[in-house]
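# Topology and contacts: notes
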2 protein chains.
Amino acid sequence: MSPVTPKSKSNSAIAVEELRRLIFSGALPAGSDHLESELAVRLGMSRTPVREAALLLEGQGLLKVRARKGVRILPISIDDMIEIYDVLTELESMSAAKAAEKGYKAQDLKPLDGAIADMETALAAEDRDAWSAADDAFHTELVRLGGNSRVVSIVGLMADQVRRAKAVTLYMRPLPTQSNKDHRSVLEAIAAGDAQAAHDIHYAHRAAAKDVLINLLRQNRLHML
Amino acid sequence: MSPVTPKSKSNSAIAVEELRRLIFSGALPAGSDHLESELAVRLGMSRTPVREAALLLEGQGLLKVRARKGVRILPISIDDMIEIYDVLTELESMSAAKAAEKGYKAQDLKPLDGAIADMETALAAEDRDAWSAADDAFHTELVRLGGNSRVVSIVGLMADQVRRAKAVTLYMRPLPTQSNKDHRSVLEAIAAGDAQAAHDIHYAHRAAAKDVLINLLRQNRLHML
DNA sequence: GGATCAAACTATGTATACATTAATACTGAT
DNA sequence: ATCAGTATTAATGTATACATAGTTTGATCC
C-alpha cells in the first residue's frame, strides 16, 4: 500500500455500493424521496457520480429518478413479490436441471453441500441471520452451477428487489425446517444427474416458499415494503 | 404545436433511442469502439447525456463503457445466443402457461391472433421482414398476456441482445413454415385454458428455433455477431 | 541502436456552473 | 375572498471546465 490512499474504485462505483447499502439497511426507507444534492453531500462527492449511480440503480429496479422530485426508493408490493418469486422459481428450477445435466463431480458440488450444512448448523442454533445468509449462498451457488451468466444476473437483480421484504419476514415466520430436506433432495438429484427431478423438486420448493411468504405478508397486512 | 420546437424528450432519452438505433442498424458495428466525445458530436449534444445513455445501455448489456477506451459495442457469441435463448424459452413458456390460466376471452386474444395472421400473410408473400416483425409482435404479446411485468422487461432485454444476430440469419434460413402451426397451437391452448399444453408446445417451439439458429450460425462460422 | 525513464497527450471521471421547467407563492383585480 | 396570471423558486438536465490516470512519444544514456 502506498502512503496516500490509492483510490482504486471510482466515486461512481462507491456511490452504487453505498446507495445499495443504505437501501438494504433501511437508512433510505422504501417510498422515501431524496434529492441528488442531499445524497451527494451524504456520500461526500459531487452530484455527477451520485446521479450516475442513481441511473444505474434505476435500471436495476431499486429506485426511480423523477424530474424535480429526487430519487424515490421503490417499495415492493405483494404483487411485485409474486412476480419476482415466479421469475426466481422458473429460472432457478431451470438452473437446477441444467446443473444436473452437466455431470458435476462431488468436488464441484462442495460449495452447494457446504451451504446446506451451514443452514443445518444455523437451524440447530436457531440463528436466523446465519440461516438466511446460507440460504442466499445456496441459491446463488445453484444458479452458478446452472452455467448461464444471464440467469445469474437476473436472479441477482430479483433477489435484490425482495431483499428488504425477506429481512422483514425472517423473524416473523417459524424456522424453515422442511426447507433443508428440499435442498438436500435437489443436491442429490443434481449429483445423480437427474435433471427432471432436480427441476421439479426445486420448483415445488420455491412455490411453497412463495406461498408461505405471500400469506405471511397478507396476514400481517404488509402490502408495501 | 407551438411555433418553436417543444422539446418534450430529454437529450438523455434521445441519446438512448439514437444509440439503440445506431447499434441495431449496424451503423455502430459489433466489437467497434467509440469515444464519448465522438458520439456526442454525432448526436449533436454534450458528453453528459451521451454518457448517461451509454451507462444505461451498459446495464442492458448492449455495450460496455471502458475507461479511456470509449464504449465498445458488445458482440454476441454463439454461447451468448444459447444463454439468451434458454432464458427466452423458459420465461416465454411460463408466460404461455400463466396466460392460459387467466381465462382470457377471444377479444383479449385478438392481438395474438392478429400477429399469427400477419405471419401467415407474410409467409405467403415470402416477405421475411414482415414475418420477422409479426413474429416479434407474437412473442411480445405472449409475454404481455402472461401478466408479469418483470418477465416483459427481461424478455425485451434478451430480445434486444439477439436482434442483430436474428437480422443476419433472417435471409439465410428457409421460410419457417412449421413455425406458424406451433403459434396457432399455443394460441389454441391458451384459449382452451390448458396451461400445461401451452407451456409444452411453446417450449418445444422455442427449443427447435434455438437449434435451427445455432446450427445455422455454426455452419456458417458466424461465431461473433 | 536499443532500452529506460520522463514528459506530453488523451480520454474518461468528476466538479461546477448554467439552462430549463414544473411547482409554488405572490400580486392584483373582480 | 377567490381566482387568474405572473414571478420566483427549486431541482433536475445539460454543458463545460478540470482532475486523473493510462498510453504513447520522445529524449537521453549506455
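Look up a bit, the structure's there.
A brief look at the structure comes next. A quick note: this is a predicted structure, and the numbers were derived from the prediction, not measured.

### Describing the environment of Asp-79 of chain B
Assignment of secondary structure puts Asp-79 of chain B in helix α4 (residues 78-101). The class of Asp-79 of chain B is exposed, set by a relative accessible area of 54%.

### Overview of the protein's contact with DNA strand C
Taken together, 17 residues lie near DNA strand C, and Asn-11, Ser-46 and Thr-48 of chain A together with Arg-51 and Arg-68 of chain B sit nearest. Sugar and phosphate atoms represent 71% of those atoms of DNA strand C found within 4 Å of the protein. Ser-46 of chain A places a polar side-chain atom, nitrogen or oxygen, 2.5 Å from a phosphate oxygen of DNA strand C. Glu-36 of chain B is positioned such that a nitrogen or oxygen atom in its backbone is 3.2 Å from a phosphate oxygen of DNA strand C. Of all elements in the fold, only α1 (11-25) and α3 (47-59) of chain A together with α3 (47-59) and β2 (63-66) of chain B reach the threshold of two or more residues within the surface near DNA strand C. By residue class, the composition of the surface near DNA strand C is 5 nonpolar, 6 polar and 6 charged.

### A word on the nonpolar core
In globular proteins that are soluble, nonpolar side chains generally tend to be buried together. With 40 residues, the main nonpolar core has Met-81, Leu-91 and Ile-154 of chain A together with Met-81, Leu-91 and Ile-154 of chain B as its most contacted residues. Among the elements of the structure, α4 (78-101), α7 (149-161) and α10 (195-219) of chain A together with α4, α7 (149-161) and α10 (195-219) of chain B are those that each provide at least two residues to this core. Leave out the neighbours within four places in its chain, and Met-81 of chain B touches Ile-76, Val-162, Ala-165, Leu-213, Ile-214 and Leu-217 of chain B.

### So, the protein's contact with DNA strand D
DNA strand D sits among 17 residues. The nearest are Arg-51 and Arg-68 of chain A together with Asn-11, Ser-46 and Thr-48 of chain B. Near-protein atoms of DNA strand D (within 4 Å) split between backbone and bases, with sugar and phosphate holding 73%. A distance of 3.0 Å is found between a base nitrogen of DNA strand D and a side-chain nitrogen or oxygen belonging to Arg-47 of chain A. Here a phosphate oxygen of DNA strand D and a backbone polar atom of Gly-70 of chain A are 3.5 Å apart. Where the surface near DNA strand D is concerned, the elements lending two or more residues are α3 and β2 (63-66) of chain A together with α1 (11-25) and α3 of chain B. Its residues placed into classes, the surface near DNA strand D shows 5 nonpolar, 6 polar and 6 charged.

### What about the relation of the copies chain B and chain A?
Once turned by 180° and shifted 0.0 Å along the axis, chain B lies on chain A with an RMSD of 0.0 Å. Such a turn and shift between the copies fits a two-fold axis. Comparing interface residues between copies, 100% of those in chain B also lie at the interface in chain A; the contact surface is shared.

### Brief notes about α10 of chain B
Look at α10 of chain B: 36 Å from first C-alpha to last across 25 residues, which is about the 36 Å you get at 1.5 Å a residue. Residues Ala-195, Ala-198, His-199, His-202, His-205, Arg-206, Lys-210, Leu-213, Ile-214, Leu-216 and Leu-217 of chain B constitute the buried set of α10 of chain B. In this structure, the buried residues of α10 of chain B make contact with α4 of chain A together with α4, α6 (128-146), α8 (163-170) and α9 (177-192) of chain B. At the C-terminal side of α10 of chain B, Arg-221 of chain B shows a positive phi close to 55°.

Rules of the game
Along every chain, residues carry numbers that run from 1 in the direction the sequence is written. Here every chain gets a letter starting at A, and every ligand a number starting at 1, in the order they are written. Per-residue local features are limited, in this predicted model, to residues with pLDDT of at least 70; the limit for side-chain atom pairs, both in listing and counting, is 80 or more; totals at the level of whole chains, interfaces and linings are taken over all residues. To get the side-chain values, all heavy atoms of the structure are used, and hydrogens and water are removed first. Strands here mean DSSP runs of E at least two residues long; helices mean DSSP runs of H or I at least four residues long; both are numbered from the N terminus. In this scheme, a residue with accessible area under 20% of its type's maximum is buried, one over 50% is exposed, and one in between is partly exposed, where area comes from a 1.4 Å probe on protein chains only. Proximity criterion: a residue is near a molecule or strand once any of its heavy atoms comes within 4 Å of it. Contacts described as polar in this section are N or O atom pairs within 3.5 Å, which, within protein, must combine one atom able to donate a hydrogen with one able to accept it, while residues neighboring in sequence count only if both atoms come from side chains. Side-chain classes follow a simple rule in which Ala, Val, Leu, Ile, Met, Phe, Trp, Tyr, Cys and Pro form the nonpolar group, Asp, Glu, Lys and Arg form the charged group, and the remainder, Gly included, forms the polar group. In this text, buried Ala, Val, Leu, Ile, Met, Phe, Trp, Tyr and Cys residues form a nonpolar core when linked through side-chain atoms within 4.5 Å. Whether two residues touch is decided by their heavy atoms; if any such pair falls within 4.5 Å, the residues are in contact. Least-squares superposition aligns the copies on the C-alpha atoms of those residues with pLDDT at or above 70 in both. Expected helix span is given by 1.5 Å per residue-to-residue step, counting one fewer step than there are residues.

What is shown is where atoms sit, not what they do.
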